[in-house]
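One letter stands for each residue in the lines below.
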Amino acid sequence: MKFLWIFCNESIAPEVIELLEEIEIDGYTVWQNVRGHHRGCKTHWGDEVWPGTNWAFLAIEEIEGKAWHLLEELKKLKKRPEVRRAGLRAYVQNCDEKV
């Protein structure tokens, strides 16, 4: 089983949700209004100086191939200049056990 942590600007969050639904990922949790900074991406603090916020997703997938497929689709999405400017990061983590 894989966890996919996805962090993106609120402006592209609907496209991330669309990918999650298209690939039929087992489940995901969304945190809206996440604030943060990462080198190479725009800072989003949700204020007048640094407008906008990010969304964080935790996607859970039992079928490893689907998890890697989602990662590949996110890489394709990130190639678009407007997505690169807005900010998109994704990380894959093993999940060894669940309750």
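Because the structure is a prediction, the values reported are computed rather than measured.

The rules we used
- All residue numbers refer to position in the chain's written sequence, counted from 1.
- Per-residue local features of the predicted model are confined to residues with pLDDT of at least 70, and side-chain atom pairs are confined, for both listing and counting, to 80 or more; whole-chain, interface and lining totals are unaffected and use all residues.
- Side-chain measures here rest on the full set of heavy atoms in the structure, leaving out hydrogens and waters.
- In DSSP terms, a helix is any run of H or I states spanning at least four residues, a strand is any run of E spanning at least two, and both are numbered starting from the N terminus.
- For every residue, the accessible area obtained with a 1.4 Å probe (protein chains only) is divided by the maximum for its type, and the residue is called buried under 20%, exposed over 50%, and partly exposed between those limits.
- The criterion used for residue contact is that any of the two residues' heavy atoms lie within 4.5 Å.
- The Shrake-Rupley method, run with a 1.4 Å probe sphere, supplies the accessible areas, and residue values consider only the shown protein chains as cover.
- Here, strands pair whenever DSSP counts at least two bridges between them.
- Under this scheme, a helix contributes an axis fitted over its contacting stretch, all axes are lines through C-alpha atoms, and angles between N-to-C directions fall in the 0 to 180 degree range.

Would you mind going over the overall build of the protein with me for this structure?
Per the secondary structure count, the protein includes 3 helices and 4 strands. Secondary structure elements of the protein, listed N to C terminal, follow the sequence β-α-β-β-α-α-β. Burial analysis of the protein (99 residues in total) assigns 35% to the buried set. Of all intrachain contacts in the protein linking residues separated by at least 6 positions in sequence, the fraction that spans at least 24 positions is 73%. Surface accessibility of the protein: about 6,300 Å² in total, with carbon and sulfur atoms responsible for 52%.

Where do I start with the environment of C95 in this structure?
Relative to the helices and strands, C95 resides in the segment after β4 (88-94). Given the relative accessible area of 12%, C95 is considered buried. Between the C-alpha atoms of C95 and K2, which are 93 residues apart in sequence, the distance is 5.4 Å. Each residue touching C95, except ones within four places of it in the same chain, is listed here: M1 and F3.

What is the right way to look at the sheet that holds strand β1 (residues 2-9) in this model?
Two pairing modes exist for strands in a sheet, parallel and antiparallel, and in both the strands are linked by backbone hydrogen bonds. The antiparallel open sheet is built from 4 strands, whose spatial order is β2-β3-β1-β4. In the strand order of this sheet, the two ends are held by β2 (27-34) and β4, each with one partner. Geometrically, the sheet is characterised by an average inter-axis angle of 15° between neighbouring strands, direction not taken into account. In this sheet, strand β3 (residues 54-61) lies alongside β1 in antiparallel orientation, the contact comprising 8 bridges.

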